[in-house]
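Descriptive structure summary
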Amino acid sequence: MSEAAQKYEAVIGLEVHARLSTKSKLFCSDANSYGAAPNENVGVITLAHPGILPKTNKRAIEYAVMMGIACNCSINQKNYFARKHYFYPDLPKGFQTSQHTVPICGPGFVTIKTSTGERNVKLHHIHLEEDAGKSIHDMDEDYSYIDLNRAGTPLIEIVTEPDMHSAEEAGLFVTELRKLVRWINVCDGNMEEGSMRCDANVSIRLKGETKLGTKAEVKNLNSIRNVRKAIEFEIDRMIGMLEKGEKIYQQTRSFDASNDTTFAIREKEEANDYRYFPEPDLPPISLSNEYLINIKNNLPALPQVLYKKYQIEFGLNEYDAAQLTLEKEIADYFESVIRHTTNYKAAANWINGPIKQLINEEGISLNSIAAKRLAEMIETVDKGEVSFSNAASKLLPAIINNNAESIAALASQLNIIQTGDAGQLQEWVNTVISKMPEKVAEYKKGKRGLIGLFVGEVKKLSKGRADLKSVTQLLEDALKS
């Protein structure tokens, strides 16, 4: 960080749009799906034909409440939609239906883990709104094309307070938010397809100041990398301007991912420019206590809860707990495995290690390995019947392809059952010692660390079938003579 940069503090607020995974749009029955042919999911309400009336999608309301609870938000039990008057060339009715004065979810927070520890990022609110369509400008030199499939699809907009101070924090926040929407299954979180988009509001001020500086809003950031790069560029740009005595103007900007820079696209509007007023064609929303309790009771255990549970109740370290709560599928699988074993550490090691590697290499699903079978394999290794390395490299792939045979039978077929036969072990030990006279001499001169080399050679010779605890004792006894 330059000497000039050390004088300033960045202040960052994010607005994250997440497209809800409902089957239909927010105010009509048109399909809410990605990848359809242009203008395929378009009906009379999307096209704003005269005389039509919208109807609110109940599932979208439910998903918004679920997200609010997951983000520790208060829920506004009485809320309503408003008309936002802003010209959208790809929204036929000429205005957007959104929420303004009373959003569905009030203040809350999302916990992130930074390089300096955990902290809560404050949320201002979460509101519901419809998306606009898509304008396509690169198909014809003289005309723009409009695809209205996206018009009217349900969004939640998660709006933070200006509560972050680095690109790192902003990137971690979006990462955590993406995990949450996927965890509770309200959005697929695919930023490349536009299921999640982020607008970043960035300003700077001298350290110690409390008044916010003039902000720039960088629109439609479609990856966590782009969120970080855009914010880093804006901070550097603003510091450079102030250091030169230039004035920062409030702007809306766009990000160029080809060179990691931003550029101005218009002067920033204020909220009163949108002329909000309550939507007359939609009744207010009223949520009962019973409705909220039912949604809360049906939410899955959230990643932050499980992260702490795995450390406190199961004795796992931070890394293991974090890896197991990266995705709900992984946490669910771990929970299934520990129904059949109390060796929590071994279960975590297997899932975070060999199983993850095998899934990545073979392109198979996590559930290709039955949880009970993995628990049985853990027990087999714990009993010393099969070495961990043989279980990981040979037994694990065999389990995927054979659900009928028992673990013991498969291990026997693969010839990987460890032997404790003293005669066989002694034969392997003697063979290794006879082949390494120089290392034996070094060991006898005091290089006791070489015992690991001898054990490794016996392991190779036995193809992993030697009981290494017994081998170590036999080697130590043999090397004393």
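The rules we used
- Residues numbered from 1 in each chain as written.
- Predicted model: local features only at pLDDT ≥ 70, side-chain atom pairs only at ≥ 80, totals over all residues.
- Heavy atoms only, no water.
- Axes fitted to C-alpha atoms, helices over the stretch in contact; angles between N-to-C directions.
- Helix = DSSP H or I, 4+ residues; strand = E, 2+ residues; numbered from the N terminus.
- Parallel < 35°, antiparallel > 145°, perpendicular 65-115°, else oblique.
- Contact = heavy atoms within 4.5 Å.
- Nonpolar A, V, L, I, M, F, W, Y, C, P; charged D, E, K, R; others polar.
- Buried < 20%, exposed > 50% of the residue type's maximum accessible area, 1.4 Å probe, protein only.
- Pairing = 2+ DSSP bridges.

The interhelical angle for the contact between helix H2 (residues 167–183) and helix H5 (residues 303–312), taken along N-to-C directions, is 100 degrees, at an axis separation of 11 Å. The orientation of H2 relative to H5 falls into the category roughly perpendicular. Facing Glu-176, Lys-179, Leu-180 and Trp-183 of H2, the residues of H5 in contact are Pro-303, Gln-304 and Leu-306. Residues of the contact of H2 with H5, tallied by class, amount to four nonpolar, one polar and two charged.

Our next topic: the environment of Gly-384. Checked against the element boundaries, Gly-384 lands in the loop between helix H9 (371–382) and helix H10 (388–401). Accessibility expressed as a relative area gives 31% for Gly-384, which makes it partly exposed. Once the C-alpha coordinates of Gly-384 and Gly-245 are considered, the two residues, 139 residues apart in sequence, prove to be 72 Å apart.

Before going further, it helps to spend a moment on unusual backbone geometry. Here the phi dihedral of Asn-72 falls at roughly 60 degrees; this positive angle occurs in a residue that is not glycine. Among the secondary structure elements, Asn-72 is positioned in the loop between helix H1 (58–70) and strand S2 (78–79). Residue classification places Asn-72 among the partly exposed residues on the basis of a relative accessible area of 40%. Phi is positive for Arg-275, which is not a glycine, with a value near 50 degrees. With respect to the element layout, Arg-275 can be found in the loop between strand S13 (261–267) and strand S14 (277–278).

In this section: the sheet that holds strand S10 (residues 196–206). Taken in spatial order, the eight strands line up as S5-S6-S9-S1-S10-S11-S12-S13 in an open sheet, and their pairing is mixed. Bordering the open sheet on either side are strand S5 (108–114) and S13, each of which pairs with just one other strand. Taking each pair of neighbouring strands and ignoring which way they run, the sheet shows an average axis angle of 30 degrees. For S5 and strand S6 (residues 117–130), the ladder comprises seven bridges, and the chain directions are antiparallel. Paired with Val-110 across the bridge in S6 is Val-121. H1 rests against S6 and strand S9 (154–160) of the sheet, and its axis sits at about 165 degrees to S6.

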